[in-house]
Amino acid sequence: MKTKDMILAAVLLALGTILHAITPPIYGVTPDMLLATMFLAIFIVKNFSSTVVISLVAGVLAMLTTKFPGGQIPSIIDKLVSGIVVYAIYKYIFKFDLNTVKSGIINFIGTFTSGLVFLAFAVFVFTPSMKDSFFVLVGTVVLPAAIMNTVLGIILSKSLKLSKKLRKA
């Protein structure tokens, strides 16, 4: 990973961590805006090993700021899984070609995957007493978070394209 890309990824993850820390929880689960910044960092580096590192770092940062009971380990697992899914879609389906629609699709699928993985581990492994609320949480937290992150991801992608144009000018 180039130094410039590494610094930009770190700044994006810091921004996502701040958003994750200050976003209020919904039914005890915080919509994870760190994901949108993590996905943008993955779009920038276009490298699998860097994707794994970015995903693990994002997982640790989310672990430190999670408000969900027992959500520390699931935070790391969900970031790793969703980062790999996003990278695979970006590389193998979209061939590293990104536009507004593709960015929205990737952000939605990545956030939804992350939410499902997080809840599956958090509910079924770490807090089994909440297993009856799994589908309620998917509908009331994961789906709205996926929509919110899709909008945020599109805005961030457009901002990145604009900054690249301004740097060339």
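Report on the accompanying structure. Just so you know, these numbers come straight off a predicted model, no measurement behind them.

Overview of the overall build of the protein
- When helices and strands are counted, the protein shows 6 helices and 0 strands.
- When its helices and strands are written in sequence order, the protein yields α-α-α-α-α-α.
- In summary, the protein has a C-alpha radius of gyration of 15 Å against a globular reference of 15 Å for 169 residues, a match within 12%.
- Overall, the C-alpha framework of the protein stretches about 55 × 30 × 30 Å when taken along its three principal axes.
- The burial tally for the protein puts 46% of its 169 residues in the buried class.
- Roughly 8,300 Å² of accessible area belongs to the protein as shown, and the carbon and sulfur atoms make up 75% of that amount.
- When the 15 positive and 5 negative side-chain charges of the protein are each reduced to one mean point, those points stand 13 Å apart.

Some remarks on the packing of helix α1 (residues 3-22) against helix α3 (residues 48-65)
- The geometry of α1 relative to α3 is characterised by a closest axis approach of 10 Å and an angle of 25° between their N-to-C directions. The orientation of α1 with respect to α3, classified from their angle, is roughly parallel. For the pair α1 and α3, the sense of crossing is right-handed. Two secondary-structure elements touch here, α1 through Ala9, Leu13, Thr17, His20 and Ala21 and α3 through Ile54, Val57, Ala58, Leu61, Ala62 and Thr65.

A short note on α1
- End to end, α1 covers 29 Å across 20 residues, agreeing with the expected 28 Å (1.5 Å per residue, within 8%).
- The secondary structure elements touched by the buried residues of α1 are α2 (34-45) and α3.

A short note on the nonpolar core
- One finds Met38, Leu40, Phe43, Ile54 and Ile106 to be the most contacted residues of the largest nonpolar core, which totals 28 residues.
- Breaking this core down by element, the ones donating at least two residues are α1, α2, α3, α4 (72-93) and α6 (134-168).
- No other element matches α2, which puts 11 residues into this core.
- Setting aside its immediate chain neighbours within four residues, Leu40 contacts Leu12, Leu156, Ser157 and Leu160.
- Counting residues in hydrophobic clusters, the runner-up holds 10 residues, among them Phe68, Leu119, Leu137 and Val141.

Here we look at the packing of aromatic side chains
- With the rule as written, the count across this model stands at 7 aromatic pairs.
- Measuring from centroid to centroid gives 5.2 Å for Phe134 and Phe135, while their planes differ by 80°, and the two rings are edge-to-face.
- With a relative accessible area of 69%, Phe135 lands in the exposed category.
- Ring pairing ties together the aromatic residues Phe43, Phe48, Tyr87, Tyr90 and Phe96, which thus form one cluster.

Structural notes on a positive patch on the surface
- A surface patch of like charges, here positive, comprises Lys2, Lys4, Lys46, Lys158, Lys161, Lys164, Lys165, Arg167 and Lys168.
- Considering each element in turn, the positive patch owes the most residues, 6 residues, to α6.
- Here Lys2 shows up in the segment before α1.

So, how was this worked out
Residues numbered from 1 in each chain as written. Predicted model: local features only at pLDDT ≥ 70, side-chain atom pairs only at ≥ 80, totals over all residues. Heavy atoms only, no water. Helix = DSSP H or I, 4+ residues; strand = E, 2+ residues; numbered from the N terminus. Rg over C-alpha atoms; globule rule 2.2 N^0.38 Å. Buried < 20%, exposed > 50% of the residue type's maximum accessible area, 1.4 Å probe, protein only. Areas by Shrake-Rupley, 256 points an atom, 1.4 Å probe, with all protein chains shown as cover. Lys, Arg positive; Asp, Glu negative; His and termini not counted. Charge placed at Lys NZ, Arg CZ, Asp CG, Glu CD. Axes fitted to C-alpha atoms, helices over the stretch in contact; angles between N-to-C directions. Parallel < 35°, antiparallel > 145°, perpendicular 65-115°, else oblique. Left-handed = near helix turned anticlockwise from the far one by under 90°. Contact = heavy atoms within 4.5 Å. Expected span 1.5 Å × (residues − 1). Core = buried A, V, L, I, M, F, W, Y, C linked by side-chain atoms within 4.5 Å. Phe/Tyr/Trp six-rings, centres within 6.5 Å; stacked < 30°, edge-to-face > 60°. Patch = residues over 30% accessible without salt bridge, like charges linked within 9 Å, V, L, I, M, F, W, Y side chains within 5 Å. Salt bridge = Lys/Arg side-chain N within 4 Å of Asp/Glu carboxyl O.

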